[in-house]
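# Results of the structural survey
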Amino acid sequence: MEIYTRFQPIMRGEKFTNSEGEIKVSFGYQCNSDQGIPCSAANGCGIQSGSEMPRTGSFSCLSGAALSANATLANTNICNGLIGAEILPSLDSPNSFRKVPSSPCLSRLDILSSSLQSGMSNLSCSPPSPVCSPETDSYLWKPMSAPSRSDSFLNVMEVQVAGGAAGEDRVQAVCSEENEWLFCAIYDGFNGRDAADFLAGTLYETIIFYFNLLDWESKQDVPRASNGLDPDGPSEYFHDNDMVGNEANRKKYASAESFVKKSADPKMEVSSDSFRHGVLDSLQRALSHAENDFLYMVEHEMEDRPDLVSIGSCVLVMLLHGKDLYTLNLGDSRAVLATYDEGNDMAQSESLKAIQLTDSHTVDNEVERTRLLHEHPDDSMSIVAGKVKGKLKVTRAFGVGYLKKKKLNDALMGILRVRNLISPPYISTEPSLNVHKISKSDHFVIVGSDGLFDFFSNEEAVKLVDSYISGNPSGDPAKFLVEQLLIKAARSAGFSEEELMNVPAGRRRKYHDDVTVIVVVLGTNHRTSKASTCV
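Keep in mind that what you see is a predicted model, and the values were worked out from it rather than measured.

In this section: the pairing of strand β5 (residues 59–67). Here β5 lies mainly inside the structure; nine of its nine residues are buried. Of the strand pairs in this sheet, β5 and strand β19 (residues 515–522) are connected by eight bridges, and their pairing is antiparallel. By the bridge assignment for β19, A66 is matched with T516.

Now the structure itself:
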């Protein structure tokens, strides 16, 4: 779906009049204040206001923007074309958030499963039984009846949804203000858009299933699958030191039913330590399931499209519920929290500091580099020219099967094939997980693909957003960040901004990457109104 509105940079007040520099998708969301003050739309960008209700949640609005650089084909026929034809259109809302009924759990996955099973008897896109043999490939798990949709806090009658694509990037946001949660995801695809499209079409629904399963397992006392987090596991998943519970509490999850009851009363603690462990576990299990389904589909379609084995995506998911901010990431996208030093005056911008909530999974990260070398002691060429097997800078990613399975690597020919794939997998699908408890000192969160941080450090990005919000309380900080990036990229290339935007997608990749940014303003006193996605 392509709906165009003219892209207008604010920095110099100029308009890009060429066909290359246009807004392709535009969406934004603003919660109502205690008085239910509505927000307004500007520059043709429709903004969905929350319902008239008291504000008790931890965010007031989000602002999103994206800039494409890569030329890419539209969604291909992966999954028999159902991802592009039936699933993504139901999730994307190019010009504004739109209110939609919350679909029955697994509806989109069932669409895939029923179609693909007609041609592939062993394939199931439905999430697996909670108990399975470690020796059994997860894509051969049999489908099971989903738990009741009322069990999970993500299952509500209606949600606000928005999403779209810029180059090989996919951005997605789902909000239920009355239930105080916000789901945001950036899928930074590479070598094609298929993996990012697959994630945008299935991961959210799969997460819903595993959240339902979280409650079902706690009630049935069923052991979790082998890829789940150990509830007695390491505390580094938690950003706050006071969130490590006692051993007895960590051995079982708080039920989603009691969680919903708690969240209905803002005066009560929103979630327990054991439930936080459960949420992180559910996110990881959903990602693992999506990975296995995707690679299985790649295996069955690579004869016609061998390029699928090289297609992958970085993954960054942020889930904000009540006072808890969860993140999951694979790759080099980042979530950066802007927070004030405790005890300092919040009016002083110099007291605002940037805290990166996610890990950077690249060979430039010494921890990741050391891990990779340690896992492949018999391969002296696991890192070549600063890249994994000479191919990728990221050390963890979704898809990119040719660096994970010899069978998939053999589908490539000539120089595309990796030589001496001695000990795959070389790219990990184990995500970094984190939960941060929102405090009064926290101001906003920047969620961005690596294209943003090619030009700005965490501190620079936070300073730019803070200064913009201070002077433009009704403005669009994400779009402002993208515009500042354009200015910087143009100057580096010796162009004006208009000249850079005149460079066709594909050729423009020489000067900057696809860039996707979401800014979530925390608390109930900080307000903004506009959001946009542009190419």
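Our focus in this paragraph is the environment of V317. Within the secondary structure layout, V317 lies in strand β10 (residues 312–321). Separated by eleven residues in sequence, V317 and L328 place their C-alpha atoms 5.1 Å apart. When neighbours within four sequence positions are excluded, V317 is seen to be in contact with F183, C184, A185, L203, Y326, T327 and L328.

Per-chain confidence: the chain averages 74 in pLDDT, with 64% of residues scoring 70 or above. Counted against residues more than four places away or in other chains, residues 1–23, with its pLDDT under 50, gives 68 contacts. In the model, residues 525–535 has pLDDT below 50 throughout and makes 78 contacts with residues more than four positions away in sequence or in other chains.

With 14 residues, helix α10 (residues 458–471) ought to run about 20 Å at 1.5 Å a step, and its terminal C-alpha atoms sit 20 Å apart, in line with that. Residues of α10 that are buried include every one of N458, A461, V462, L464, V465, D466, Y468 and I469, and no others. Next to the buried residues of α10 lie β12 (334–340), β13 (352–356), β18 (442–448), α9 (450–453), α11 (477–493) and β19.

For the rest of this paragraph, the subject is the packing of aromatic side chains. Counted under the stated rule, the structure contains seven aromatic pairs. Their ring planes at 55° and their centres at 5.1 Å tell us that F183 and Y204 sit as a pair that is tilted. Here F183 is found in strand β9 (residues 181–190), whereas its partner Y204 is found in helix α3 (residues 194–220), with 21 residues between them in sequence. We classify Y204 as buried; its relative accessible area is 7%. In this structure an aromatic cluster arises from ring pairing among F198, F294 and F398.

A side chain of one charge can pair with a side chain of the opposite charge if their charged atoms are brought near each other. Within the structure shown, the criterion is met by 17 salt bridges. For K407, the salt bridge goes to E299, with nearest N and O atoms at 3.2 Å. You can see K407 sitting in helix α8 (residues 406–409) and its partner E299 sitting in helix α6 (residues 273–301), a full 108 residues away along the chain. Salt bridges linked by common partners bring E368, R371, E375 and R396 together as one network.

Packing of α10 against α11 leaves a shortest axis separation of 10 Å and a crossing angle of 125°. Regarding the angle of α10 to α11, the classification is oblique. Of the two possible hands of crossing, α10 and α11 adopt the one that is right-handed. The residues of α11 that touch α10, namely those facing E460, A461, L464, V465, Y468 and I469, are P477, F480, L481, Q484 and K488. The residue inventory of the contact of α10 with α11, partitioned by class, reads eight nonpolar, one polar and two charged.

What follows deals with the pairing of β19. Of all eight residues in β19, eight are buried; the element is thus mostly enclosed. Burial along β19 is two-sided: V515, V517, V519 and V521 facing one way and T516, I518, V520 and L522 facing the other are all buried.

So, about the nonpolar core. Counting 70 residues, the largest nonpolar core has F183, Y187, L203, V315 and F398 as its most contacted members. The set of elements that each furnish at least two residues to this core consists of α1 (82–91), β7 (158–166), β9, α3, α6, β10, β11 (324–330) and β17 (432–437). Ranked by residue count, the leading element in this core is α3, at 14 residues. Excluding residues that lie within four positions of it along the chain, Y187 makes contacts with E168, D169, R170, Q172, A196, L199, A200, L203, S313, C314 and V315. Grouped together as the second largest cluster of nonpolar side chains are 34 residues, L352, I446, L452 and A490 included.

Below, the discussion takes up the environment of C61. Relative to the helices and strands, C61 resides in strand β5. Among the residues examined, C61 registers a relative accessible area of 1% and is labelled buried. Taking the C-alpha atoms as reference, C61 lies 9.1 Å from G523; in sequence the two are 462 residues apart.

Calculation rules
- Residues numbered from 1 in each chain as written.
- Predicted model: local features only at pLDDT ≥ 70, side-chain atom pairs only at ≥ 80, totals over all residues.
- Heavy atoms only, no water.
- Buried < 20%, exposed > 50% of the residue type's maximum accessible area, 1.4 Å probe, protein only.
- Helix = DSSP H or I, 4+ residues; strand = E, 2+ residues; numbered from the N terminus.
- Pairing = 2+ DSSP bridges.
- Contact = heavy atoms within 4.5 Å.
- pLDDT = per-residue confidence, 0-100.
- Expected span 1.5 Å × (residues − 1).
- Phe/Tyr/Trp six-rings, centres within 6.5 Å; stacked < 30°, edge-to-face > 60°.
- Salt bridge = Lys/Arg side-chain N within 4 Å of Asp/Glu carboxyl O.
- Axes fitted to C-alpha atoms, helices over the stretch in contact; angles between N-to-C directions.
- Parallel < 35°, antiparallel > 145°, perpendicular 65-115°, else oblique.
- Left-handed = near helix turned anticlockwise from the far one by under 90°.
- Nonpolar A, V, L, I, M, F, W, Y, C, P; charged D, E, K, R; others polar.
- Core = buried A, V, L, I, M, F, W, Y, C linked by side-chain atoms within 4.5 Å.

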